[in-house]
Amino acid sequence: MTDAYVRTIASMGTVVTVHIVGSGADSAHRVESAASALAWFDEVERVCSRFDPNSELSQLSMQIGVRVAVSDLLFETVRFAIAVAEESGGAFDPTLGLELEARGFNREYRSGAIVRTPLETDDRVSYRDVELDVDRKTIMLARPLLLDLGGVAKGLAVDMAARELERRSFENFAIDAGGDLYVSGRNANAEPWSVGIRHPRLEGELYETFRVSNSAVCTSGDYEQHAPNQDAEHHIIDPRTKASAVGAASVTVLAPSAMVADALATAAFVIGPSDGVDWLERHGVDGMMITPSLERLATRGMRTEYCVERRASPDSVS
């Protein structure tokens, strides 16, 4: 067994853990590298959070009808979110911030403070109201709206952290951000990483595990966040009906990048079981969907290329 360095922080409303395995690096280099990788979570949150009135995203939402020059990080994140919205026919839509606020998803996780954006909700708002100028790196919001980048920002932070560790010549590591993962190389036992998929109805148990290397693994589930005093309402909203999506209990996607896996899992969740799996296959990624009745639907690659075990145990990556 090879030694591993593990560091954990709280960021972006979840617990983020970095595992760095061996690779001959001295202890100080691993400690410094893990800190630099984890710093990306705070940076992405500083730019992309809708819960911080001082974030670049929140400031953008206060400038309706104005072409606003934004940072490369915010521009590329919004551009990717809009591209997924277009590809999914609006099943994924990053303009639901005010809708989520109105449903009670408006509490800043560190302070517990309630966030209320001073804009009136407009039911006509959609991703088509976000105008991007690629040459000037500007964003214009054509209607009053609050962008919510929760479906892509955490995945982006995972990707940036992974890139940071690769830049520092690490090959064997895992980054776990509460359902959004990237695993590289081998674990401390010199095996592909074991990733557990949470059982959507039995707390503390897994639906299944599988072995994977050099891949992002992201899961969207209806159990993750519930509206205050409304257990039936969860945070994955169907933009077309403005109601919680009900066709799935969870969707897991494997992709080269966590931002891609994160967004496609959310879109497939809204699209629903059979069409959602077909949609993932058309986009060249593997994944599986667990329905509310606990039926398992999976892409062809997910059915044939991964060593899968069904078992009940604490959620983990190892």
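Criteria and thresholds
- Residues numbered from 1 in each chain as written.
- Predicted model: local features only at pLDDT ≥ 70, side-chain atom pairs only at ≥ 80, totals over all residues.
- Heavy atoms only, no water.
- Salt bridge = Lys/Arg side-chain N within 4 Å of Asp/Glu carboxyl O.
- Buried < 20%, exposed > 50% of the residue type's maximum accessible area, 1.4 Å probe, protein only.
- Helix = DSSP H or I, 4+ residues; strand = E, 2+ residues; numbered from the N terminus.
- Polar contact = N/O pair within 3.5 Å; in protein donor to acceptor, adjacent residues only side chain to side chain.
- Contact = heavy atoms within 4.5 Å.
- pLDDT = per-residue confidence, 0-100.
- Pairing = 2+ DSSP bridges.
- Axes fitted to C-alpha atoms, helices over the stretch in contact; angles between N-to-C directions.
- Core = buried A, V, L, I, M, F, W, Y, C linked by side-chain atoms within 4.5 Å.
- Expected span 1.5 Å × (residues − 1).
- Disulfide = S-S within 2.5 Å.
- Arc of directions from axis to C-beta.

Novice: Go over the pattern of salt bridges with me, naming the residues and quoting the values.
Specialist: Overall, the coordinates contain 19 salt bridges when judged by the stated rule. A salt bridge links R103 to E99; the nearest nitrogen and oxygen atoms lie 3.1 Å apart. Taken as a pair, R103 and E99 share a single burial class, namely buried. Salt bridges linked by common partners bring E32, E164, R167 and R168 together as one network.

Novice: Give a detailed account of the side chain of T17, specifying residues and quantitative values.
Specialist: Looking at the secondary structure, you find T17 in strand β2 (residues 14-21). At 3.0 Å, the side chain of T17 forms a polar contact with the side chain of T8. Setting aside its immediate chain neighbours within four residues, T17 contacts V6, R7, T8, A174, I175 and D176.

Novice: Summarise the confidence of the model for the protein chain; cite the residues concerned and give the values.
Specialist: Within the protein chain, residue pLDDT values average 90, and 92% of them lie at 70 or more. Overall, residues 310-315 carries pLDDT values under 50, and its contacts beyond four positions in sequence, including any with other chains, amount to 17 contacts.

Novice: I'd like a rundown of the sheet that holds strand β1 (residues 4-11), residues and numbers included.
Specialist: The strands that make up a sheet pair up through hydrogen bonds in the backbone, lying either parallel or antiparallel. Here we have eight strands laid out as an open sheet, ordered β1-β2-β6-β7-β10-β15-β16-β17, and antiparallel in their pairing. Looking at the sheet topology across the chains shown, the edges are occupied by β1 and β17 (296-298). For this sheet the average axis-to-axis angle between neighbouring strands, irrespective of direction, equals 10°. Of the pairings in the sheet, the one linking strand β15 (residues 250-255) to strand β16 (residues 286-290) comprises five bridges and is antiparallel in character. Looking at the pairing, V251 lines up with M289 of β16. Set on the sheet, helix α6 (residues 258-271) makes contact with β7 (180-184), β10 (215-221), β15 and β16; between it and β10 the angle comes to about 30°.

Novice: So what about the nonpolar core? Which residues, and what values?
Specialist: Counting 72 residues, the largest nonpolar core has F41, L74, L149 and I175 as its most contacted members. Ranked by residue count, the leading element in this core is α6, at 10 residues. Not counting residues within four places of it along the chain, the set of residues in contact with L149 comprises C48, L57, L74, T77, V78, A81 and P94. Formed by 17 residues, the second largest nonpolar core is a distinct cluster that contains L254, M288, I290 and A298.

Novice: If you had to explain unusual backbone geometry to someone new, which residues and values would you point to?
Specialist: Despite not being glycine, A190 shows a phi value in the positive range, around 65°. Its place among the elements puts A190 in the loop between β7 and β8 (193-198). For K242, which is not a glycine, the phi torsion comes out positive at approximately 60°. Looking at the secondary structure, you find K242 in the loop between β13 (237-238) and β14 (243-244). Judged by relative accessible area, K242 falls into the partly exposed class, the value being 23%.

Novice: Summarise helix α3 (residues 72-87); cite the residues concerned and give the values.
Specialist: Counting along an α-helix, one turn takes 3.6 residues, and residues three or four places apart therefore face a common direction. In a regular helix each residue adds 1.5 Å, so 16 residues correspond to 22 Å; α3 covers 22 Å between its end C-alpha atoms and thus fits that length. All of the buried residues along α3 are L73, L74, F75, T77, V78, F80, A81, I82, V84 and A85. On the buried face of α3, the contacting elements are α1 (27-48), α2 (56-61), β4 (130-133), β5 (138-141), α5 (153-167) and α6. One or two steps after α3, the chain reaches G89, where phi turns positive at roughly 65°.

Novice: Residues and numbers for the state of the cysteines, please.
Specialist: Within the structure shown, the criterion is met by zero disulfides. The cysteine C48 is free of any disulfide, with C218 supplying the nearest cysteine sulfur at 15 Å. For C218, a relative accessible area of 0% puts it in the buried group.

Novice: Go over the sheet that holds β4 with me, naming the residues and quoting the values.
Specialist: Taken in spatial order, the three strands make up an open sheet running β3-β5-β4, and their pairing is antiparallel. At either margin of the open sheet sits one strand with a lone partner, and together these are β3 (68-69) and β4. In terms of strand pairing, β3 meets β5 through two bridges, oriented antiparallel. Considered in β5, the bridge of A69 is made with T138.

Novice: Describe in detail helix α7 (residues 273-282), supporting the description with residues and values.
Specialist: When we look at burial in α7, the residues that qualify are G276, V277, W279 and L280. The buried residues of α7 occupy one face: seen down the axis, they fall within an arc of 160°. Taken from the residues just after α7, G284 is the one with a positive phi, measuring 75°.

Novice: Outline the side chain of T95, listing residues and values.
Specialist: Here T95 is to be found in the loop between α3 and α4 (97-102). In this structure T95 touches V125, S126, Y127, V130, L145, L146 and L147, once residues within four positions along its chain are discounted.

Novice: Could you give an account of the pairing of β15, naming the residues involved and the relevant values?
Specialist: Across the six residues that make up β15, a large majority, six, are buried. Burial along β15 is two-sided: the residues S250, T252 and L254 and V251, V253 and A255 are all buried. By the bridge criterion, six bridges tie β10 to β15 in an arrangement that is antiparallel. When the bridges of β15 are listed, G221 appears paired with S250.

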